[in-house]
Amino acid sequence: MSRLEEILTANKEFVAHGKHDYTAEDIAASKLPKKKMAIFTCMDTRLTEILEPAMGIQRGDAKIIRTVGNYLTGEFDAVIRSLMVAIYELGVEEIFVVGHYECGMAKTTADSLAAAMRAHGVTEEAIAKIHGELEIWADAFRDPVENVKDAVHKIAVNPYIPKNVKVHGLMIHPRTGKLDVIQTADDHTAETK
């Protein structure tokens, strides 16, 4: 059975015997995060089913944005654009940058990615076009805690993010769910004064 077939089989079972039926929800309000918060975190599979309960978040409470290593690549990258919509269109008032211990991105390099790309048939010409960006991005990430601090700072000082939006930085342990506060909005406000 292919992965698609597995998913479709699981979905059929879920729809037939699922624990929840959301069809009666107010559709107009369901897209708005009830807790007026956004979470920017890593795509690590170990965070599935642990992050939200560890933070006391339930369906509909928060907008969640996931990228590799919860790393920002620019002043107007996809994460910032997502946060802008979350703030300006959906009422988000607080942002939580949540990194995690044991992040595999800390071991990823431009060279390791280029080698893997070659092994999968990507041409040298294509790799050469992005290798400089790979170096800036992949080689810069070495410490998940420092990355959280950097992301909090970049979001808090971003000209497209209003200053009244609070930005916090947390680390989660992917096996226990324990959260550590790395930086609060108050910490950052004190730093920029």
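Residues numbered from 1 in each chain as written. Predicted model: local features only at pLDDT ≥ 70, side-chain atom pairs only at ≥ 80, totals over all residues. Heavy atoms only, no water.

Colleague: Got a minute to help me understand the overall build of the chain in this structure?
Modeller: Tallying secondary structure elements over the chain gives eight helices and five strands in all. When the helices and strands of the chain are listed from N to C terminus, the series reads α-α-β-α-β-α-β-α-α-α-β-β-α. For the chain, buried positions account for 35% of its 193 residues. The long-range share in the chain, meaning contacts at least 24 apart out of those at least 6 apart in sequence, stands at 73%. (Helix = DSSP H or I, 4+ residues; strand = E, 2+ residues; numbered from the N terminus. Buried < 20%, exposed > 50% of the residue type's maximum accessible area, 1.4 Å probe, protein only. Contact = heavy atoms within 4.5 Å.)

Colleague: Explanation requested: the sheet that holds strand E5 (residues 179-183) in the structure shown.
Modeller: Reading across the sheet, the five strands line up as E2-E1-E3-E4-E5 and stay open at both edges, with mixed pairing between neighbours. Where the open sheet ends on each side, the last strands, each with one partner, are strand E2 (62-67) and E5. Across this sheet, the average inter-strand angle for adjacent strands is 25°, counted without regard to direction. The sheet contacts of helix H4 (residues 78-88) involve strand E1 (37-42), E2 and strand E3 (94-100), and relative to E2 the element is tilted by about 175°. (Pairing = 2+ DSSP bridges. Axes fitted to C-alpha atoms, helices over the stretch in contact; angles between N-to-C directions.)

Colleague: In this structure, what is going on with the pattern of salt bridges? I would like to understand it.
Modeller: Any two side chains of opposite charge can pair if their charged atoms end up close together. Applying the stated rule across the entire model yields 12 salt bridges. With its nearest N and O atoms 2.3 Å apart, the salt bridge here joins glutamate 124 to arginine 118. Residue arginine 118 is classed as partly exposed on the basis of its relative accessible area of 39%. (Salt bridge = Lys/Arg side-chain N within 4 Å of Asp/Glu carboxyl O.)

Colleague: What's the story with the environment of aspartate 187 in this structure? I'm lost.
Modeller: In this structure, aspartate 187 sits in helix H8 (residues 185-192). On a C-alpha basis, the gap between aspartate 187 and histidine 168 in space is 8.8 Å, while along the polypeptide they are 19 residues apart. Among the polar contacts made by the side chain of aspartate 187, one reaches the main-chain amide nitrogen of threonine 184 at a distance of 2.9 Å. (Polar contact = N/O pair within 3.5 Å; in protein donor to acceptor, adjacent residues only side chain to side chain.)

Colleague: Mind showing me how you'd approach a nonpolar patch on the surface here?
Modeller: A cluster of nonpolar residues, Leu4, Ile7 and Leu8, forms a patch on the protein surface that exposes about 320 Å² of accessible area. Its place among the elements puts leucine 4 in helix H1 (residues 3-17). (Patch = residues over 30% accessible without salt bridge, like charges linked within 9 Å, V, L, I, M, F, W, Y side chains within 5 Å. Areas by Shrake-Rupley, 256 points an atom, 1.4 Å probe, with all protein chains shown as cover.)

Colleague: Could you clarify how one ought to interpret H4 in this entry?
Modeller: Working note: α-helix, 3.6 residues per turn, so residues spaced by three or four point in the same direction. Those residues of H4 that fall on the buried side of the exposure criterion are Val79, Ile80, Leu83, Met84, Ala86 and Ile87. Taken down its axis, H4 places every buried residue within 165° of arc, on the same side. Near the N-terminus of H4, the side chain that reaches the backbone nitrogen of valine 79, with its oxygen 3.1 Å away, is that of aspartate 77. (Arc of directions from axis to C-beta.)

Colleague: Sorry, what's going on with the packing of helix H5 (residues 110-119) against helix H6 (residues 124-138) here?
Modeller: When two helices pack together, you describe them by how their axes are tilted relative to each other and by the distance separating the axes. The geometry of H5 relative to H6 is characterised by a closest axis approach of 9 Å and an angle of 155° between their N-to-C directions. It follows from the interaxial angle that H5 and H6 lie roughly antiparallel. The handedness of the crossing between H5 and H6 comes out as right-handed. Contacts from Ala110, Asp111, Leu113, Ala114, Met117 and Arg118 in H5 reach Glu124, Ile127, Ile130, His131, Leu134, Glu135, Trp137 and Ala138 in H6. (Parallel < 35°, antiparallel > 145°, perpendicular 65-115°, else oblique. Left-handed = near helix turned anticlockwise from the far one by under 90°.)

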